[in-house]
Number of protein chains: 2
Amino acid sequence: MIDETHPAAADLRLPKVLAALADPARLLAVRALDRVGESPCTRLQQAAGLTISRSTFSHHQRVLREAGVIQVRVRGSQRILSLRRDDLDACFPGLLDAVLDTAPGLIET
Amino acid sequence: MIDETHPAAADLRLPKVLAALADPARLLAVRALDRVGESPCTRLQQAAGLTISRSTFSHHQRVLREAGVIQVRVRGSQRILSLRRDDLDACFPGLLDAVLDTAPGLIET
DNA sequence: CGAACTGTACGATAGCCTTCGAAATGAGGG
DNA sequence: CCCTCATTTCGAAGGCTATCGTACAGTTCG
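This structure is a prediction, so every number in the text was calculated from the model and none was measured. (Residues numbered from 1 in each chain as written. Chains lettered and ligands numbered in written order. Predicted model: local features only at pLDDT ≥ 70, side-chain atom pairs only at ≥ 80, totals over all residues. Heavy atoms only, no water.)

Undergrad: Would you mind going over the overall build of chain A with me for this structure?
TA: The number of helices and strands found in chain A is 6 helices and 3 strands. When the elements of chain A are put in sequence order from the N terminus, they spell out α-α-β-α-α-β-β-α-α. The C-alpha atoms of chain A give a radius of gyration of 13 Å, which matches the 13 Å a tight globule of 109 residues would have. With respect to the principal axes defined by its C-alpha atoms, chain A has extents near 35 × 35 × 20 Å. (Helix = DSSP H or I, 4+ residues; strand = E, 2+ residues; numbered from the N terminus. Rg over C-alpha atoms; globule rule 2.2 N^0.38 Å.)

Laid out in structure tokens, this is it:
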């Protein structure tokens, strides 16, 4: 466990992870995070093309973090977000890859 | 497309599929359906160990169907449910397998 | 110090989701 | 034709979720 705000790898649960990934904004954020690598919030939001308010993005970031999908590390005034790829692969083999490899056209309506 | 109540394979969308699978009751139902093979509603509900009302199960069945996860075929007075394995594998390779292969302990709280 | 920047916390709103029971629908059997 | 079995539909209750704006807190920089 990284700290109290992150679940331990052993505490990850499939319904929670799926729920976190089921929102289009969060799904785009996760896929952008995979493409650009670890990024601070604002940069990830831009990379994902999300035109939502900062507070809404912060909410999504929290949902992803509490589900165990991403990890947050503080660097100065910024929070650096990264995928918890190893933990996800260990708990749900193939799941993250399946989500990341899905054709972009199958994401949005 | 099977009929108007089922989405065509080309219309499946990842967020909707993930949302359908994110509910514990639906996730258990899908995993039970994989184990026991196509089944009528009542039998699947028992196989999944779901102690919910018939109307609630019917609601979940509808969500799974409208997301394209399952297929419903009428046989007499019964509805036979089955997984849309081929369509899911074609659209989201590896996703269904990842969900089905997850350890049972990682499903519930 | 004070201004600018990054992000969180709070409170509100609106919509959606799960759940139920009761009533309705439809098939099959006497 | 009625009764039973399988399932859906309806309407309602309660809770959860996404979204926003504003206010706040910590960092960096002049």
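Undergrad: Got a minute to help me understand the interface of chain B and chain A in this structure?
TA: Much of the literature gives interface size as the accessible area that the parts lose upon coming together. Counting residues at the interface gives 23 residues for chain B, matched by 23 residues for chain A. Interface area, chain B with chain A, both sides summed: about 1,800 Å², of which 71% is carbon and sulfur. The largest contributions to the chain B side of the interface with chain A come from Pro15(B), Leu18(B) and Leu106(B), which together make up 30% of the buried area. The tally of links between chain B and chain A comes to 0 salt bridges. Remark: the boundary between chain B and chain A carries 4 residue pairs in polar contact (both at pLDDT 80 or more). Residue classes in the side of chain B that touches chain A are distributed as 17 nonpolar, 4 polar and 2 charged. (Contact = heavy atoms within 4.5 Å. Buried area = accessible area lost by both parts, 1.4 Å probe. Salt bridge = Lys/Arg side-chain N within 4 Å of Asp/Glu carboxyl O. Polar contact = N/O pair within 3.5 Å; in protein donor to acceptor, adjacent residues only side chain to side chain. Nonpolar A, V, L, I, M, F, W, Y, C, P; charged D, E, K, R; others polar.)

Undergrad: Hey, could you run me through the environment of Ser58(A) in this one?
TA: All names here are of chain A. Looking at where Ser-58 falls in the secondary structure, it is placed in helix 4 (residues 54–67). Residue class for Ser-58 comes out partly exposed when judged on its relative accessible area of 38%. Sequence spacing of Ser-58 and Gln-45 is 13 residues, and the spatial spacing of their C-alpha atoms is 9.9 Å. (Buried < 20%, exposed > 50% of the residue type's maximum accessible area, 1.4 Å probe, protein only.)

Undergrad: For this particular structure, what's the right way to read the environment of Ala10(A)?
TA: Residue position: Ala10(A) is located in the segment before helix 1 (14–21). As a C-alpha pair, Ala10(A) and Ala90(A) span 80 residues in sequence and 9.6 Å in three-dimensional space.

Undergrad: Is there a simple way to think about the protein's contact with DNA strand D in this case?
TA: Near DNA strand D you find 21 residues, and of these Arg26(A), His60(A), Thr42(B), Arg54(B) and Ser58(B) are the closest. What you see for DNA strand D is that sugar and phosphate hold 68% of its atoms within 4 Å of the protein. In the environment of DNA strand D, a phosphate oxygen lies 2.8 Å from a nitrogen or oxygen atom belonging to the side chain of His59(A). Cys41(B) is positioned with one of its backbone polar atoms (N or O) 3.1 Å from a phosphate oxygen of DNA strand D. Counting residues per element, the ones that place at least two in the surface near DNA strand D are helix 4 of chain A together with helix 3 (41–47), helix 4 (54–67) and strand 3 (78–83) of chain B. (Near = heavy atom within 4 Å.)

Undergrad: Help me understand the pairing of strand 3 of chain B, please; the structure alone is not making it clear to me.
TA: Successive residues of a regular strand alternate their side chains across the two faces of the sheet. Residue and element names in this part refer to chain B. Pairing geometry for strand 1 (residues 39–40) and strand 3, over 2 bridges, is antiparallel. Residue pairing for strand 3: Pro-40 is matched across the bridge by Ile-80. Connecting strand 2 (residues 70–75) to the antiparallel partner strand 3 that follows it, the hairpin turn spans 2 residues, and Gly-76 within it adopts a positive phi of roughly 65°. (Pairing = 2+ DSSP bridges.)

Undergrad: Can you walk me through the sheet that holds strand 2 (residues 70–75) of chain A in this structure?
TA: Strand pairing in a sheet is mediated by backbone hydrogen bonds. Such pairs are either parallel or antiparallel. Residues and elements named next belong to chain A. Taken together, 3 strands build an open sheet; the order of strands is 1-3-2 and the sheet is antiparallel. Both edges of this open sheet fall to strand 1 (39–40) and strand 2, since each of them pairs with a single strand only. Across the sheet, helix 2 (residues 24–36) touches strand 1, strand 2 and strand 3 (78–83), and the angle it forms with strand 3 is around 90°. Contacts between helix 4 and the sheet are confined to strand 2 and strand 3, with strand 2 contributing the most and set at about 120° to the helix. (Axes fitted to C-alpha atoms, helices over the stretch in contact; angles between N-to-C directions.)

Undergrad: Just checking my understanding: could you explain the protein's contact with DNA strand C for this structure?
TA: Contacts to DNA strand C come from 21 residues, most closely from Thr42(A), Ser58(A), Arg26(B), Thr56(B) and His60(B). Between DNA strand C and the protein, one listed contact pairs a phosphate oxygen with a side-chain N or O atom of Arg62(A) at 3.0 Å. Here a phosphate oxygen of DNA strand C and a backbone polar atom of Ser53(B) are 3.0 Å apart. Listed by contribution, the elements that provide at least two residues to the surface near DNA strand C are helix 3 (41–47), helix 4 and strand 3 of chain A together with helix 4 of chain B. Top contributing element to the surface near DNA strand C by residue count: helix 4 of chain A, with 5 residues. Grouping the amino acids of the surface near DNA strand C by side-chain chemistry returns 3 nonpolar, 13 polar and 5 charged.

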